[in-house]
Structure formats: structure tokens, C-alpha cells
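Observations on chain architecture
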Amino acid sequence: TGIGRENMRSATSANYATGIGYQNMYSATSADYATGIGRQNMRSATSADYATGIGFYNMYNATSATNATGIGRANMFNATSADYATAIGYRNMYLATSTDYATGIGYANMYNATSADYAIAIGRENGHNAASQNNSIYLGYRQAYTTGADYRLHIGMYQDNPLIYGEFDNEE
């Protein structure tokens, strides 16, 4: 169902999908049961079955965003793998390579993450360019901004200088 202009216009598969606004799922390869409300959500997504995009440019060119949710602007814009991911705010997981089951709330969290499966980032620019941050939790401002590691906890308000730090994979 499309309400507005050019929703699902050239989509290969958009069975039971709903687009309200402008060019939601416009040329998506697969967007079955997906919902796009606003402008150009999942516009050229390769796989966005059961995905929800509310706002502007969420999952725009995502390669894989099955069951993903993007609310706000340009979340998971060009993500390679963001299945079951949730992003609320602006440019969370924007160019991320792998953020399956990840959650980003705020501004540009996990923006260019290489590997952030099951990660949680709340605040601003947490895990921004960190290569590996699977199963990690970041709260605050620019925690693990340039470097990260799997199974880490960072809470703080100064770039790469957490007030509270923990390692989930270290029993000591």
C-alpha cells in the first residue's frame, strides 16, 4: 500500500508493505512486510523485509536490514548488515559494516563501525570509528570513539576517557 508519491514505484518485492510519504522502498529489491513513513526510507535497500523506517533516509541503501527499525534521520543509511538492529536519532550506524542486533540511540553512534553485533550505544558518537565492538555497551559522549574492543563497557563524558570501564570477557 502506498500513500503519497512514488512509494514502492520500482520495488522488486514489497508484498504487504506500507509506504506513506515520498519514495519509501522506491526501488527496494526485497521489502516484504516493511513499513516506511516519511521520506525515502529503505529507498534502494537490497533486503529490508519486516523493517520499519520512520522519518528521513533510514536504511536508504542498506544491503541487509531485515527486521531493523530506524526512527529519525539517516540511521543505517548505507549499512552492510544491520539485521534486527534498532537506531533512533540521527546517523546511527550510518556506514556500519556489521551491526546485527545492535542498538544506537542519539547522534552518530557506531557511525562507521566495522563490527558491532549486539552492541548498545546511547549518547553521541559512541563507537564512531571503532573496528571491533561486538557485545559492548557505550553510554555518554564519544566512548570508544577511535578504538574499541569486544565485550566492553564504557560510560563517560570525555572522548575515549571513560569514568566507568569494564571488560565482560575478563573474569579478574
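Small disclaimer: the values here were computed from a predicted structure and weren't measured.

The rules behind the values
- Residues numbered from 1 in each chain as written.
- Predicted model: local features only at pLDDT ≥ 70, side-chain atom pairs only at ≥ 80, totals over all residues.
- Heavy atoms only, no water.
- Patch = residues over 30% accessible without salt bridge, like charges linked within 9 Å, V, L, I, M, F, W, Y side chains within 5 Å.
- Areas by Shrake-Rupley, 256 points an atom, 1.4 Å probe, with all protein chains shown as cover.
- Salt bridge = Lys/Arg side-chain N within 4 Å of Asp/Glu carboxyl O.
- Helix = DSSP H or I, 4+ residues; strand = E, 2+ residues; numbered from the N terminus.
- Buried < 20%, exposed > 50% of the residue type's maximum accessible area, 1.4 Å probe, protein only.
- Core = buried A, V, L, I, M, F, W, Y, C linked by side-chain atoms within 4.5 Å.
- Polar contact = N/O pair within 3.5 Å; in protein donor to acceptor, adjacent residues only side chain to side chain.
- Contact = heavy atoms within 4.5 Å.
- Pairing = 2+ DSSP bridges.

**What about a nonpolar patch on the surface?**
- Taken together, the side chains of Ile 3, Ile 20, Ile 37, Ile 54, Ile 71, Ile 88, Ile 105, Ile 120 and Ile 122 present a nonpolar region at the surface, about 630 Å² in accessible area.
- In this fold, Ile 105 is placed in strand 7 (residues 103–107).
- Judged by its relative accessible area of 33%, Ile 105 falls in the partly exposed class.

**Some points on the nonpolar core**
- Judged by nonpolar contacts, the single largest core of 30 residues is most densely connected at Met 25, Met 42, Met 59, Met 76, Met 93 and Met 110.
- Counting six residues, the second largest nonpolar core, distinct from the first, contains Tyr 60, Ala 74, Tyr 94 and Ala 108.

**Here we look at the side chain of Ser 64**
- With respect to the helices and strands, the residue Ser 64 is situated in the loop between strand 4 (52–56) and strand 5 (69–73).
- Of note is the side chain of Ser 64, whose polar atom sits 2.6 Å from the side chain of Asp 83.
- Every residue in contact with Ser 64, bar those within four places of it in the chain, is listed here: Ser 47, Ala 79, Thr 80, Ser 81, Ala 82 and Asp 83.

**Some thoughts on the pairing of strand 4**
- Across five bridges, strand 3 (residues 35–39) lies against strand 4 in parallel orientation. Opposite Gly 36, over in strand 4, you have Gly 53 as the bridge partner.

**Quick word on unusual backbone geometry**
- Despite not being glycine, Tyr 57 has its phi angle at roughly 65 degrees, a positive value.
- With respect to the element layout, Tyr 57 can be found in the loop between strand 4 and strand 5.
- According to the relative accessible area criterion, Tyr 57 is partly exposed, its value standing at 23%.
- Phi at Tyr 151 takes a positive value of approximately 60 degrees, unusual for a residue other than glycine.
- On the secondary structure map, Tyr 151 appears in the loop between strand 9 (137–141) and strand 10 (152–156).

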